[in-house]
Amino acid sequence: MSNDAPGFELPLRLFLAFRVIIDELHAELAREGHPGLRPAHGFVLQAVGPGGTTAVELGRALGVTKQAAGKMVESLERMGYVERTADPSDARRKLVRLTAGGADCLDRSERIFERIRDDWVRRLGADRVRAMEHDLREVTPAGPWRLDVPGWFGTP
């Protein structure tokens with residue numbers, strides 16, 4: 001008889017750890033003046049990035065249709081996190097850019113993620129957290145971060 005957990009538990013525990021971190025992030029962002037943001041918004045803000053993007057490029061990065069990306073942009077635009085502007089290199093294209101509020105949200109998120117990691121180090125020990133990060137790097141692709149979780153999970 002094995003003392004190992006059943007195979008299905010590993011992805012669930014990894015997802016639960018992700019969920020704990022993201023829930024903590026959003027609770028702190030709300031306390032710091034960014035209420036109403038949802039996990040999918042973070043993927044959109046990351047995909048927009050500092051240089052901006054188009055709705056087509058955004059949809060591709062998120063793994064959703066141009067229309068779904070447009071709805072996400074509209075939501076974040078109403079909340080004041082992104083704006084649409086004319087592309088200086090092609091007046092026919094609209095760029096989606098971060099506003100000061102969007103940039104502030106990403107800056108705060110970075111700081112909060114560091115604090116959450118520091119909390120894990122205090123709870124588990126630096127060696128165990130480093131080993132966990134090393135092991136996760138061993139079993140996950142080394143390429144660029146994938147932001148297509150909204151499309152992968154499916155959008156309403």
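The structure under discussion appears in the preceding block.
Residues numbered from 1 in each chain as written. Predicted model: local features only at pLDDT ≥ 70, side-chain atom pairs only at ≥ 80, totals over all residues. Heavy atoms only, no water.

Let's talk about the pattern of salt bridges
A side chain of one charge can pair with a side chain of the opposite charge when the charged atoms of the two come close.
Now for step 1: Taken as a whole and assessed by the stated rule, the structure comprises 16 salt bridges.
Now for step 2: A salt bridge links Asp119 to Arg115; its shortest N-O distance comes to 2.3 Å. Residue Asp119 and its partner Arg115 are located together in helix 5 (residues 100-124), separated by 4 residues, close to a single helical turn.
Now for step 3: Note on Arg115: relative accessible area 26%, which makes it partly exposed.
Now for step 4: Several salt bridges share partner residues, and in doing so they unite Glu24, Glu28, Arg31, Arg115, Asp119 and Arg122 into one network. (Salt bridge = Lys/Arg side-chain N within 4 Å of Asp/Glu carboxyl O. Helix = DSSP H or I, 4+ residues; strand = E, 2+ residues; numbered from the N terminus. Buried < 20%, exposed > 50% of the residue type's maximum accessible area, 1.4 Å probe, protein only.)

Re the pairing of strand 2 (residues 90-98)
Now for step 1: Judged from the 6 bridges that link them, strand 1 (residues 82-87) and strand 2 form a sheet pairing that is antiparallel. Within the sheet, the bridge partner assigned to Ala86 lies in strand 2 and is Lys94.
Now for step 2: Connecting strand 1 to the next strand, strand 2, in antiparallel fashion are 2 residues. (Pairing = 2+ DSSP bridges.)

A look at the environment of Pro35
Now for step 1: Here Pro35 shows up in the loop between helix 1 (9-31) and helix 2 (39-48).
Now for step 2: Taking the C-alpha atoms as reference points, Pro35 and Gly49, 14 residues apart in sequence, are found 20 Å from one another.
Now for step 3: The contact partners of Pro35, leaving out residues within four places of it in the chain, are Leu29, Ala30, Met79 and Tyr81. (Contact = heavy atoms within 4.5 Å.)

What about the packing of aromatic side chains?
Now for step 1: Here the structure, examined in full by the defined rule, presents 1 aromatic pair.
Now for step 2: Between Phe15 and Phe18 the ring centres are 6.4 Å apart and the planes differ by 35°, which places this aromatic pair in the tilted class. On the criterion of helical spacing, the pair formed by Phe15 and Phe18 is a turn pair, its members being 3 residues apart in helix 1.
Now for step 3: Take Phe15: its relative accessible area is 36%, and that puts it in the partly exposed class.
Now for step 4: Of the residues examined, Phe18 reaches a relative accessible area of 35% and is grouped as partly exposed. (Phe/Tyr/Trp six-rings, centres within 6.5 Å; stacked < 30°, edge-to-face > 60°.)

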